[in-house]
Amino acid sequence: MKKCVKWKGSDHRKVSFECSVGKNCRNSFYCGMILYFFVFSSLINLSSCLPPVIKIGAIFVEDQKDSAAELAFKYAVYRLNKERSILPNTTLMYDIQYVPKEDTFHTSKTACKQISNGVQAVFGPSDPLLGAHIQSICDALEIPHLESRLDTEIHVKGSQEFTVNLHPSQELLNSAYKDLMTYLNWTKVAIVYEENGAETVNSKGLIRLQDLVRTPTKNTEVYIRQATPSTYRHVMDELKQREMFNIIIDTKPETIQLLFRAILQLQMNDYRYHYFFTSLDVETFDLEDFKYNSVNITAFRLVDSENIRSRLLLRDMERFQPIGHSILNKTNVIKTAPALMFDSVMSLAHGLAALDRGATLRIANVSCEDEKPWSDGTSLFNYVNTVEFQGLTGPVRFQDGRRANFKLDLLKLRRDELLKVGEWKQQSGLNITAPKYFFEGGSPNITLIVMTNEEVPYVMLRDGYNSTDPNGFEGFCIDLLKHISRKAGFNYQIRLSPDGYYGSINLETGEWNGIVKQLIEKETPYVMLRHNAANLTGNARYEGFCVDLLKAISAIVGFQYVIEFGPDKIYGAPDPDTGEWNGLVKQLIEKKADLAVGSMTINYARENVIDFTKPFMNLGISILFKIPSSQPTRLFSFMNPLAIEIWLYVLAAFVLVSFTLFVMARFSPYEWQAPHPCLKTDFVVNQFSVSNSFWFITGTFLRQGSGLNPKAASTRIVGGIWWFFTLIIISSYTANLAAFLTVERMITPIESAEDLADQSEIAYGTLGGGSTMTFFRDSKIETYQKMWRFMESKQPSVFVSAYDEGINRVLEGNYAFLMESTTLDYVVQRNCNLTQIGGLLDSKGYGIATQKGSPWRDKISLAILELQENGIIQMLYSKWWRGTGDICNRDEKKKESKANALGIENIGGVFVVLLCGLALAIVVAILEFCWNSKKNAQMDRQSLCSEMAEELRFALRCQGSRQRPALRRPCSRCAQQATGPAYISSNVRSSESISHRENGMLPMLERRKSGVQSFEIET
């Protein structure tokens, strides 16, 4: 039971009530509401640990008078007093004071005046210079101080401070910025900062971003420039001249439109530029001039306006008249400053509510003159510091008075709106939920491979770089290529010619070398120059799949043709700026060509400007992987045909059946036979001892026999059912053993794209900048999205610059290459160490391109269909993919064949049959025992129970003998008229019987009949 102070209505006379109706409160509605709650609380006796009225103070600079932050502070107090859900028995009263900006003396006097009037918490101000003075006063008097400003001061962990700051620290914000830079792989970035920048701090703009200068990667180039509204254009023009495309903006939100104007004037608003704004209020910016032109703009936000709770709270705030519309922005989005002020008031309320449940709060009676701290200030601050709730700015939690475990939403401009594409958390870092939005826009998807030779001063290798580094080249041609690619709109990768020649033809063989050879072999095996092309003219110079296909089509349709190479050696892509096409598509549009033949993919963009025939070849993306080596032969591989559990079950069955046979033989009287059938003996023998039972089961299991034959029906059932069991087991083992020992087992670790996506040990990638990479990047299928996230985050990079590089990585092992199936098939046919995994991941086709509205399209399409039906196209495919002399001769007998071990689900039925047979044998043995006991009881003229007990005692003897007394019955083959003596179980004991019992034999007493001659074997 908690002890609290009893507050009555009369005690309210000691509380000063200030509501400046004419001076500090423009609308008397606020004062009326507060007065109403004050009077209502005074009339009711309340038993609470908190006073019925708690006074709080707020200090704003004069520029913030009637600002959104002040109105949010007033609305928060009004909402708490109205709803009473957090503080049901306490009313909050505020005392708002305004101070000149940067006037520390007046600010200190104002704060001391509020403290003398009994405020128990102080809010603000947002000015960092004034806030530091208020913080020192509150620390000295131990009065909680709540702030919502960006504090750049380094906080010493464990220091005794009485300030709670709702704004995230600059250190954590810089961590979020660096995570974004790492994700975007920015290797060259510019920082444009302004004193009193995005968060209106003091002259520490560069100090705030100093962590970004210490870039995440050592190879990142950082360019720093300070700017003012008058120098925006000059600074941005300097960045343009230096080709800085990734820019971090930290300027005042009030002058951001001037910066936007400079960007537009310098035409720095295309897809190449990426702007990141440090302001958390980017949603309030006017971005109309940047929409629909593919410019990249990203920023973080603290207020999640898409959250349902936040939307309801903002709706209620907007309806609060007459100040609701003034709190929200014109776009109905609340800024960060008023949202933080609202949450700071809620933090104090939650702290008071927590204190009300466990302690007593006395009204502060301190002053700056006495310098005597408030006794309950530490307790109140500790409760506020430990609150956790969901606020307007997300989850609110503190650690040593600093905001902790908050969430930042990552926004990106896409067409006409800002979309949430990810979020950043202190614990987990950056999580991109929509990575595709970072790779769309005007940037072309095609990457051209530029072949060159090292030659001064045209192309030179930089000092300290190698030929595989994208920034490793310099020279006249390199600079020229940069300008051309910028104008033409393509990406490129530079590769050195393998032999160092530009290209010359061998007069004897007709083969080209150098760069010309690389260009000719680009379209192998579709269109190629013959080896002796120098000695030929016209169409005879060319060979390949498409050449043969064109020859067959022309014979069907009836036309003649002349083959020419395209002037730029590409099929065609639109320019992102001008929309003009290049390559073969341009030749068709300008009617310089009638047909375009090659590995030309049919797509939507090309179909808008030219026509395509029916596809003559269907293809898709497939997986290239190295053929795994066969498994090494093990010494005990003969155990593989059966699973481990099957071997254990067989062993258990062996032991069970052996003991069952032994017990059944001892129970059954028909297994007790005289050792010599022609001679009368005083004992009978059982051939199934424990060892003989195991030997019988072993011999029959190995199909060899044992020389022991069961005679009773029950033991024969046991033997027969065991023979059936061994028949199935041995047959199954033999059949599966042949598969295990004769077939080479090569198990591939992956068999489909799903297997690739579900593992992380085997890396996989595509050709960088190609259509395959675009497919995974833009795919809506979850499996392919998962694969894309893996590929773009994998380090080192899994993307390759050429097919040869990807093939070599596959041959090195532990790498899968995603490529077009036709090229994959061509590679697989020429390298026996490579194979295709799974089927096609997508479907597309190669077609013959014609001019728009060409009459040849339908005729050629019909010809293609006829060639497909006749199998001509398949024959051509086999000729150029598999019919050349350099293909791999694969041994079809060595294809992968995986024989699975037989499990219990395969041959478990044989065990069921075995158990049923054993159960039947037990039933038969019991019936035999009962029938023989009844028969002997009648002969011995004794009760059935005593006879069964006598027989049961003998059968269950621990040291069971293989001999037992025999009936005095002559052998039919030795005495034709003999009638054996009756078997009598007598209780008469003699010395002879005792001596025989010691030898394991039970002597029998005879009851001789006249005319009966008995033969005995003396023992």
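These numbers were taken from a predicted model, which means no experiment stands behind them. (Residues numbered from 1 in each chain as written. Predicted model: local features only at pLDDT ≥ 70, side-chain atom pairs only at ≥ 80, totals over all residues. Heavy atoms only, no water.)

### Observations concerning the overall build of the protein
In terms of regular secondary structure, the protein is built from 31 helices and 36 strands. Taken over 1019 residues, the protein has a buried fraction of 48%. As displayed, the protein offers around 51500 Å² of accessible surface, 52% of which is attributable to carbon and sulfur atoms. (Helix = DSSP H or I, 4+ residues; strand = E, 2+ residues; numbered from the N terminus. Buried < 20%, exposed > 50% of the residue type's maximum accessible area, 1.4 Å probe, protein only. Areas by Shrake-Rupley, 256 points an atom, 1.4 Å probe, with all protein chains shown as cover.)

### Quick notes on the pairing of strand β10 (residues 246-250)
Strand residues, when the strand is regular, have side chains that alternate between the two faces of the sheet. A large share of β10 lies buried, amounting to five of its five residues. Here β10 shows a buried face lined by N246, I248 and D250 and a second buried face lined by I247 and I249. Examined bridge by bridge, strand β8 (residues 188-193) and β10 share five bridges and lie parallel to one another. Along β10, the bridge assignment pairs A190 with I247. Sheet analysis places β10 next to strand β11 (residues 274-277), joined by four bridges and oriented parallel. Paired with I247 across the strands is Y275, a residue of β11. Following the backbone out of β10, through helix α9 (residues 256-265) and into the adjacent parallel β11, one traces a crossover that is right-handed. (Pairing = 2+ DSSP bridges. Right-handed = clockwise from strand over helix to strand, strands pointing away.)

### Remarks on the state of the cysteines
The final tally for this structure, using the stated rule, is one disulfide. Here C112 pairs with C368 through a disulfide, and the sulfurs are 2.1 Å apart. Between C112 and C368 the disulfide shows an S-S torsion of about -100°. By sign, it is left-handed. Of the two residues, C112 sits in helix α3 (residues 104-116) while C368 sits in the loop between α12 (336-356) and α13 (377-385), which places them 256 residues apart along the sequence. (Disulfide = S-S within 2.5 Å.)

### A short note on the nonpolar core
F73, F123 and F300 are the most contacted members of the largest nonpolar core, which totals 102 residues. If you tally residues by element for this core, the top one is α12, at eleven residues. Every residue in contact with F300, bar those within four places of it in the chain, is listed here: A176, Y177, L180, F276, F277, S279, L280, L408, D409, L410, W424 and L430. Ranked by size, the runner-up nonpolar core spans 35 residues in total, among them A757, Y815, A816 and I837. (Core = buried A, V, L, I, M, F, W, Y, C linked by side-chain atoms within 4.5 Å. Contact = heavy atoms within 4.5 Å.)

### Concerning the pairing of β11
Residues H274 and F276 of β11 are buried on one face, and the alternating residues Y275 and F277, pointing to the opposite face, are buried as well. Taken together, the four bridges between β11 and strand β12 (residues 296-301) define a ladder with parallel strand orientation. Note that in β12 the partner of F277 across the bridge is A299.

### Observations concerning the packing of aromatic side chains
Applying the stated criterion to the full structure yields 29 aromatic pairs. Ring centres of F276 and F300 lie 5.8 Å apart, and the angle between their planes is 80°; this geometry places the pair in the edge-to-face category. Here F300 lies in strand β12 and F276 lies in strand β11, a separation of 24 residues in the sequence. Across the pair, exposure class does not vary: F276 and F300 are buried alike. Members of the aromatic cluster, each reached through a chain of ring pairs, are F60, F73, Y94 and F123. Looking at K65, its charged tip hangs above the ring of Y98, at a distance of 5.1 Å from the centre. A cation over an aromatic ring shows up here: R830 above the ring of Y826, its NZ or CZ 3.7 Å from the ring centre. (Phe/Tyr/Trp six-rings, centres within 6.5 Å; stacked < 30°, edge-to-face > 60°. Lys NZ or Arg CZ within 6 Å of the ring centre and 35° of its normal.)

### A closer look at the side chain of N736
Relative to the assigned elements, N736 resides in helix α21 (residues 713-742). We classify N736 as buried; its relative accessible area is 11%. Of the polar contacts made by the side chain of N736, one reaches the backbone oxygen of P641; its length is 2.9 Å. (Polar contact = N/O pair within 3.5 Å; in protein donor to acceptor, adjacent residues only side chain to side chain.)

### Points about the sheet that holds strand β25 (residues 595-596)
Sheet strands pair via backbone hydrogen bonds, and the direction of the pair is either parallel or antiparallel. Spatial strand order, β25-β35-β26: three strands in an open sheet with antiparallel pairing. One side of each edge strand has no neighbouring strand; the edge strands of this open sheet are β25 and β26 (611-612). Sheet topology note: the β25/strand β35 (residues 849-850) ladder contains two bridges and is antiparallel. For A596, the partnering residue across the bridge sits in β35 and is A849.

### Examining the packing of helix α16 (residues 545-557) against helix α27 (residues 856-870)
Where α16 meets α27, the closest approach of the two axes is 9 Å, and the angle between their N-to-C directions is 110°. As the angle between them shows, α16 and α27 are arranged roughly perpendicular. For the pair α16 and α27, the sense of crossing is right-handed. Contact residues: L549, A552, I553, I556 and V557 in α16; W856, K859, I860, A863, I864, E866 and L867 in α27. (Axes fitted to C-alpha atoms, helices over the stretch in contact; angles between N-to-C directions. Parallel < 35°, antiparallel > 145°, perpendicular 65-115°, else oblique. Left-handed = near helix turned anticlockwise from the far one by under 90°.)

### Concerning unusual backbone geometry
In this structure, the amide linkage connecting G124 to the following residue, P125, adopts the cis form with an omega of -5°. Counting through the fold element by element, P125 comes out in the loop between β5 (122-123) and α4 (128-141). A cis geometry characterises the amide bond from Q795 onward to P796, with omega recorded as 0°. Residue position: P796 is located in the loop between α24 (782-793) and α25 (803-812). A positive phi angle is found at E102, which is not glycine, with a value near 65°. With respect to the element layout, E102 can be found in the loop between β4 (91-99) and α3. In this structure E102 comes out as exposed when scored by relative accessible area, which is 55%.

### Let's talk about the sheet that holds β8
On the basis of which strands lie adjacent, the open sheet formed by eight strands has the order β9-β8-β10-β11-β12-β16-β17-β18 and mixed pairing. Each edge of the open sheet is held by one strand with a lone partner, namely β9 (221-226) and β18 (429-432). Between one strand axis and the next, the sheet turns through 25° on average, direction left out of account. Two elements, β12 and strand β16 (residues 407-414), share four bridges in a ladder whose sense is antiparallel. Within β16, the position partnered with F300 by the bridge is L410. Its contacts with the sheet put helix α8 (residues 232-241) on β8, β9, β10 and β11, and the angle it makes with β9 is roughly 160°. Where α9 meets the sheet, its contacts fall on β10 and β11, and the angle it forms with β11 comes to roughly 175°.

### A few points about the side chain of S347
Relative to the helices and strands, S347 resides in helix α12. Residue contacts for S347: discarding those within four places in its chain leaves L146, L166, V384, V387, F389, V396 and F398.

### A closer look at a nonpolar patch on the surface
Side chains of L651, V655, F659 and V690 sit close together on the surface and give an oily, nonpolar patch of about 330 Å² of accessible area. At three residues, the largest contribution of residues to the nonpolar patch is made by helix α19 (residues 644-667). Take V655: it is sitting in helix α19. (Patch = residues over 30% accessible without salt bridge, like charges linked within 9 Å, V, L, I, M, F, W, Y side chains within 5 Å. Salt bridge = Lys/Arg side-chain N within 4 Å of Asp/Glu carboxyl O.)

### As for the confidence of the model for the protein
Interpreting fine coordinate detail is not advised for predicted regions of low pLDDT. Across the protein, the average pLDDT comes to 75, with 71% of residues at 70 or higher. Mean pLDDT in the protein bottoms out at strand β1 (residues 6-7), which sits at 36, and peaks at β5, which reaches 94. Within the model, pLDDT remains below 50 along residues 5-31, and this stretch shows 49 contacts once partners closer than five positions in the same chain are excluded. (pLDDT = per-residue confidence, 0-100.)

### Here's the deal with the pattern of salt bridges
Applying the stated criterion to the full structure yields 25 salt bridges. Its salt-bridge partner being D316, residue R315 comes within 3.9 Å of it at the nearest N-O pair. D316 sits in the partly exposed class, given a relative accessible area of 28%. One salt bridge in this structure joins R397 and E388, with 3.3 Å as the shortest N-O distance. On the accessibility criterion, E388 (56% relative accessible area) is exposed. If you follow the salt bridges from partner to partner, you end up with E283, R301, D304, E306, K407, D409, K420, E423 and K425 in one network.

### Quick look at the packing of α16 against helix α28 (residues 872-881)
Running from N to C, α16 and α28 cross one another at 155°; their axes reach a closest spacing of 9 Å. The pairing of α16 with α28 is recorded here as roughly antiparallel in orientation. When the axes of α16 and α28 are compared, the crossing they make is right-handed. The residues of α28 that touch α16, namely those facing F545, D548 and L549, are I873, L876, Y877, K879, W880 and W881. Residues that form the contact of α16 with α28 fall into these classes: seven nonpolar, no polar and two charged. (Nonpolar A, V, L, I, M, F, W, Y, C, P; charged D, E, K, R; others polar.)

### Describing the environment of F123
Relative to the assigned elements, F123 resides in strand β5. Residues F123 and S148, 25 residues apart in the sequence, show an inter-C-alpha distance of 8.5 Å. Ignoring sequence-local partners within four residues, the contact set of F123 consists of I56, G57, A58, I59, F73, L146, M341, S344, V345 and L348.

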